[in-house]
Amino acid sequence: MPLGIVSAGTGNGMVKSLLDEIDEPCSVSNAMLAIIRGHKCSLDVATVLQGKTRFFSVLMLAWGLVADIDIESEKYRWMGSARLDFYGLLRVIRLRKYNGRVSFVPAPGYETFGEKSSFHSLHQNQADDLKVAENCYLGPEICMEDLEWRSLDGPFVSVWLHNVPWGSEDTCAAPSAKFSDGYLDLIIMRDCSKSSLLTVMTKLNDGSHVKSPHVFYLKVKAFVLEPGQRADDPSKGGIIDSDGEVLARGQGAYKYENKDLMTYGPLQITVDQGLATLFSPRL
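Residues numbered from 1 in each chain as written. Predicted model: local features only at pLDDT ≥ 70, side-chain atom pairs only at ≥ 80, totals over all residues. Heavy atoms only, no water.

A. Spatial organisation of the overall build of the chain. Within the chain, the secondary structure is distributed over five helices and twelve strands. For the chain, the C-alpha radius of gyration of 18 Å lies close to 19 Å, the compact-globule estimate for 283 residues. In terms of principal-axis extent, the alpha carbons of the chain reach across some 50 × 45 × 40 Å. The 283 residues of the chain split such that 50% are buried. By sequence separation, contacts in the chain at least 24 residues apart represent 78% of the contacts at least 6 residues apart. When the accessible surface of the chain is totalled, it reaches about 13,100 Å², and 52% of it is carbon and sulfur. Computed over 29 positive and 35 negative side-chain charges, the inter-centroid distance for the chain is 4 Å. (Helix = DSSP H or I, 4+ residues; strand = E, 2+ residues; numbered from the N terminus. Rg over C-alpha atoms; globule rule 2.2 N^0.38 Å. Buried < 20%, exposed > 50% of the residue type's maximum accessible area, 1.4 Å probe, protein only. Contact = heavy atoms within 4.5 Å. Areas by Shrake-Rupley, 256 points an atom, 1.4 Å probe, with all protein chains shown as cover. Lys, Arg positive; Asp, Glu negative; His and termini not counted. Charge placed at Lys NZ, Arg CZ, Asp CG, Glu CD.)

In structure tokens form, the structure reads like this:
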């Protein structure tokens, strides 16, 4: 069943990605016309897994700076989309870095990123009321141990995993991303000064931030995130955000008292190539 996406939110990254391919402005009318025309395209779907708890993602997953901006700026929702720019500047001024580790299976051509490592199974104790019913689709069957893994250790400023080029109408997060190439685009920032980070962020609107020496940009087939505490305050954790929804919050994070789908611990992401279908403005 094809899905029709209409730009009616704060970010509208999926609609922007669809319309940008034919140089159409991101608007409600153009999104509606794309649905009416009835053309279709395939879309990769990522499965985020922790124990028996699963979340299916079509846009992005973030931890660190991007997730903090996306979720903590909710308190300024009255500002409209400007809340992201305002809070982004605030978070750069009061920059956080997070300890942790990321492991990934690089796409061909990206094998030099990170250090060679091996996969280890993730076991989490999840409450029964957080488990997804076993009769639903469980994601792709992949033998993780047989893949060629590489890893990077923190501290990290930001870890951003993207499925389509645009994260919002003015943020081209992953300029090389494709709708159904079977890979996710990984954008990582580790050691970066505040001034350099500001420069990187000003280039998000055209995707040229990925050329910065402070940015790791590669394609991955599978991914494991092991989130840690803030480097400046080990008593506080971060936020893991997927498609604008909070998956997990570390102790001391914004609205930590909320009950989220997952715990703030290791999780893994795999990709189903072309699993979903979207109405598209192009043939």
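Let us keep going from here.
B. Geometry of helix α2 (residues 28–37). Here α2 has its buried residues at Asn-30, Ala-31 and Ala-34. Buried residues in α2, looked at end-on, bunch into an arc of 100°, giving them a common side. Structurally, α2 contributes buried residues whose contacts are with α1 (13–20) and β12 (267–279). Of the residues one or two after α2, Gly-38 is the one with positive phi, at around 85°. (Arc of directions from axis to C-beta.)

C. Looking closely at the nonpolar core. Grouped together as the largest cluster of nonpolar side chains are 38 residues, with contacts concentrated most on Trp-160 and Leu-197. Considering every element that reaches this core, the biggest residue donor is helix α3 (residues 65–72), with five residues. In contact with Trp-160, other than residues within four places in its own chain, are Met-60, Leu-61, Ala-62, Val-66, Thr-171, Ala-173, Asp-185, Leu-186, Ile-187 and Leu-204. Core analysis: the second largest hydrophobic core is formed by 27 residues, Trp-63, Leu-184, Leu-225 and Leu-267 among them. (Core = buried A, V, L, I, M, F, W, Y, C linked by side-chain atoms within 4.5 Å.)

D. Quick peek at unusual backbone geometry. Between Gly-154 and Pro-155 the backbone carries a cis peptide bond, its omega angle lying at 10°. As for its position among the elements, Pro-155 is in the loop between β6 (149–153) and β7 (158–162). Phi at Asp-23 is positive, roughly 60°, even though this residue is not glycine. Inspection of the secondary structure puts Asp-23 in the loop between α1 and α2. Given the relative accessible area of 69%, Asp-23 is considered exposed. Of note in the backbone geometry, Lys-255 takes a positive phi value of approximately 55° without being a glycine. Tracing the backbone shows Lys-255 in the loop between β11 (245–249) and β12. When its relative accessible area of 40% is taken as the criterion, Lys-255 is described as partly exposed.

E. Seen up close, the side chain of Ser-17. Assignment of secondary structure puts Ser-17 in helix α1. A polar atom in the side chain of Ser-17 sits 3.0 Å from the backbone nitrogen of Trp-166. Beyond its immediate chain neighbours, meaning those up to four positions away, Ser-17 contacts Val-164, Pro-165, Trp-166 and Phe-179. (Polar contact = N/O pair within 3.5 Å; in protein donor to acceptor, adjacent residues only side chain to side chain.)

F. Geometry of the packing of aromatic side chains. Under the counting rule described, the total for this entry stands at four aromatic pairs. Consider the rings of Trp-63 and Tyr-98, whose centres lie 5.7 Å apart with planes at 45°: the pair is tilted. Placement of Trp-63 in strand β3 (residues 60–64) and of Tyr-98 in strand β4 (residues 98–106) is noted, with a sequence separation of 35 residues between them. With respect to burial, Trp-63 and Tyr-98 carry one shared label: buried. The structure contains a cluster of three or more aromatic residues connected by ring pairs, namely Trp-63, Tyr-98 and Phe-156. Cation over ring: Lys-16 sits above Trp-166, and NZ or CZ is 4.6 Å from the ring centre. Above the face of the Tyr-183 ring, Lys-221 is positioned so that its terminal group lies 5.9 Å from the ring centre. (Phe/Tyr/Trp six-rings, centres within 6.5 Å; stacked < 30°, edge-to-face > 60°. Lys NZ or Arg CZ within 6 Å of the ring centre and 35° of its normal.)

G. Main features of the pattern of salt bridges. Under the counting rule described, the total for this entry stands at twelve salt bridges. A salt bridge links Glu-21 to Arg-282; the nearest nitrogen and oxygen atoms lie 2.3 Å apart. Residue Glu-21 is located in the loop between α1 and α2, and its partner Arg-282 is located in the segment after β12; the two are separated by 261 residues in the primary sequence. For Glu-21, a relative accessible area of 40% gives the class partly exposed. For Arg-249, the salt bridge goes to Asp-260, with nearest N and O atoms at 2.8 Å. You can see Arg-249 sitting in strand β11 and its partner Asp-260 sitting in the loop between β11 and β12, a full eleven residues away along the chain. Residue Arg-249 is classed as buried on the basis of its relative accessible area, which comes to 10%. (Salt bridge = Lys/Arg side-chain N within 4 Å of Asp/Glu carboxyl O.)

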